[in-house]
Each structure stands twice: as C-alpha cells, then as structure tokens.
Amino acid sequence: MKKIFYTLIITLLTIPAFAQSSQEARTLLDNVSKAYHNKSSFYLKFNTVLNNSATGTKDSYDGEIYVKDDKYNLAVPKMDIRQIYDGFKLYTISSETKEITITKPDADSDELFTPTRVLDMYKSGYNLSMDGVRKVNAKNVTFVKLTPNNASKGLKHVLVGIDRNSHEMVQLIEVNNNNTTTTLTIEKQLSDIIVPKSILTFNKNFFKDYYISEI
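Residues numbered from 1 in each chain as written. Predicted model: local features only at pLDDT ≥ 70, side-chain atom pairs only at ≥ 80, totals over all residues. Heavy atoms only, no water.

Turning our attention to the overall build of the protein chain. Helix and strand counts for the protein chain come out as two helices and 13 strands. Counting over 215 residues, the protein chain shows a buried share of 46%. Taking the contacts inside the protein chain whose residues are at least 6 apart along the sequence as the reference set, 51% of them involve residues at least 24 apart. Here the protein chain has roughly 11,000 Å² of accessible surface; of this, 49% comes from carbon and sulfur atoms. (Helix = DSSP H or I, 4+ residues; strand = E, 2+ residues; numbered from the N terminus. Buried < 20%, exposed > 50% of the residue type's maximum accessible area, 1.4 Å probe, protein only. Contact = heavy atoms within 4.5 Å. Areas by Shrake-Rupley, 256 points an atom, 1.4 Å probe, with all protein chains shown as cover.)

Have a look at this one:
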C-alpha cells in the first residue's frame, strides 16, 4: 500500500516530458513543469483514494507536503508516512515503530520526491494524448493521458489533470493492470510562501524516545 502511494507522489513531483506525444499534451505538461520550476516554494494539501474494483477495497488518505528548492517535508498520518529531506539527508520517521532511518540518497534515488527530478522519471516510454475536460471540485480541469509503451510495468495509464489558467496540477489518476485505481486530488496549494526553517530541518530533540539509525 505504501509503495503505491510513494509511486504516486513521485509522479506528482516529477511533472514529466515525453518523447512520443501529441503536441498539445506535451505543451500542457511543459507549461506545468515550468510553472513549478519557477516557484521558490510551495505547499500542497491532498487527498488520495485507492480503489480496487476486483476486491471491493477502497481507502482514503489525507496528506500534505512543503517544498522549498530541493527540500521537503511530507506527512500522511494515516499511512504512517513522514519524511524530511534537508537537501543532504533524508529522515524517514515512523510513529508506529518509533524508528527513524537516516539516509543520504542520490539525487535520482526513488527514495526522494524532490521536484529536481523533473524530466527524469518519464523521459521516454509513454505516449501522450488529450483526454478531455472534466469538473474537479467545481473547476474545469483538462486531462492528459499517459499510456506506457511497456505493458510489463503493470500500469495501464496515468491521467494528469491540469488547470490551464494557473498551469498547476489538480488531480493525478493512476490505473494499474490489477484493477487498482489511485486518485490523488490536490485540495489546496500555495505558491512562493515562507517555509520556516524548522519545517525542513530534522531536530532529534523532538524524537527523544525514538530509535535512530543512519545508513
């Protein structure tokens, strides 16, 4: 379950460019990528719904993320996901097990959700097409469909919902071959905000009863 969520977040923070695409779809994604690149910082509050039609499983998770340059603070309490990346070290915190793992991931590591990975995740291997306009939270949202060339990835397609006016992502829908649909909807986003240093810095004094291991 966490792996599915991590994959979706990585997709969210790696607005892609693609080798094979319709020009309109590519232009839309390029505009979104440029818009997020130009933000000095941003905050996203989101809701994720996981639905498996085969098993009748459905669950929902709320989360938020603060991003400034390559640094971020991600929290999804219901899934016991919390990460702080200070640009050098990644702190993965589990409140359930009272454990903190510290790593020094490479810039292109799958551990990271940083926006500097833009254009690295899906440079090739996907076809793009327009997928119409639909209402999301009373807003007209334009969708781009990403279909993988390699069916072995286990992914049928990804739908990226974009606000054409602000060039911001509104919704991300991932449909897998195992009948699982994961929908991430951005409920609130703020741009160029002041992010306190304390949010993007790990302070071990707040976790005195946690076991800390550094890899």
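The next subject is unusual backbone geometry. We note that Asp-80 has phi near 55°; this positive angle belongs to a residue other than glycine. Within the element layout of this structure, Asp-80 appears in the loop between β4 (71-76) and β5 (81-85). With phi around 50°, Asn-137 is a residue other than glycine that occupies positive phi space. Of note, Asn-137 is situated in the loop between β8 (126-136) and β9 (139-148).

Moving on to the pattern of salt bridges. As enumerated under the stated definition, the model contains eight salt bridges in all. For the salt bridge of Lys-39 with Glu-168, the shortest nitrogen-to-oxygen distance reads 2.9 Å. Placement of the pair is Lys-39 in the loop between α2 (23-37) and β2 (41-52) and Glu-168 in strand β11 (residues 168-176), with a sequence separation of 129 residues. Judged by relative accessible area, which is 13%, Glu-168 ranks as buried. With a shortest N-O distance of 3.7 Å, Asp-209 and Lys-98 are connected by a salt bridge. Remark: Lys-98 occurs in the loop between β6 (90-94) and β7 (99-103) and Asp-209 occurs in the loop between β12 (180-191) and β13 (211-214); sequence separation between them is 111 residues. (Salt bridge = Lys/Arg side-chain N within 4 Å of Asp/Glu carboxyl O.)

Moving on, we get to the packing of aromatic side chains. Throughout the structure, instances matching the rule amount to six aromatic pairs. With centroids separated by 5.2 Å and ring planes inclined at 85°, the aromatic side chains of Phe-207 and Tyr-210 adopt a geometry described as edge-to-face. Classification of Tyr-210 by relative accessible area gives buried; the value is 16%. Of note, Lys-39 hangs over the ring of Tyr-36, and the distance from its end group to the ring centre comes to 5.1 Å. The side chain of Lys-78 reaches across the aromatic face of Tyr-61, ending 5.5 Å from its centre. (Phe/Tyr/Trp six-rings, centres within 6.5 Å; stacked < 30°, edge-to-face > 60°. Lys NZ or Arg CZ within 6 Å of the ring centre and 35° of its normal.)

A few words on the pairing of β2. With nine of twelve residues buried, β2 is to be regarded as a mostly interior element. Across twelve bridges, β2 lies against strand β3 (residues 57-68) in antiparallel orientation. Within β3, the position partnered with Phe-42 by the bridge is Val-67. Of the pairings in the sheet, the one linking β2 to β12 comprises eleven bridges and is antiparallel in character. Bridging across to β12, Asn-51 finds its partner in Thr-181. (Pairing = 2+ DSSP bridges.)

To continue, consider α2. Taking 1.5 Å of rise per residue, the 15 residues of α2 would be expected to cover 21 Å, and the 21 Å separating its terminal C-alpha atoms lies within 8% of that figure. In this structure, the buried residues of α2 make contact with β2, β8, β9, β10 (155-163), β11 and β12. (Expected span 1.5 Å × (residues − 1).)

Moving on, we get to the nonpolar core. Within the largest apolar cluster, 30 residues are counted, with the highest numbers of intra-cluster contacts made by Val-144 and Val-160. Broken down by element, the residue count for this core peaks at five residues, all from α2. If sequence neighbours within four positions are ignored, Val-160 has contacts with Leu-29, Thr-142, Phe-143, Val-144, Leu-146, Met-169, Gln-171 and Leu-172. Core analysis: the second largest hydrophobic core is formed by eight residues, Ile-84, Tyr-91, Ile-93 and Tyr-210 among them. (Core = buried A, V, L, I, M, F, W, Y, C linked by side-chain atoms within 4.5 Å.)

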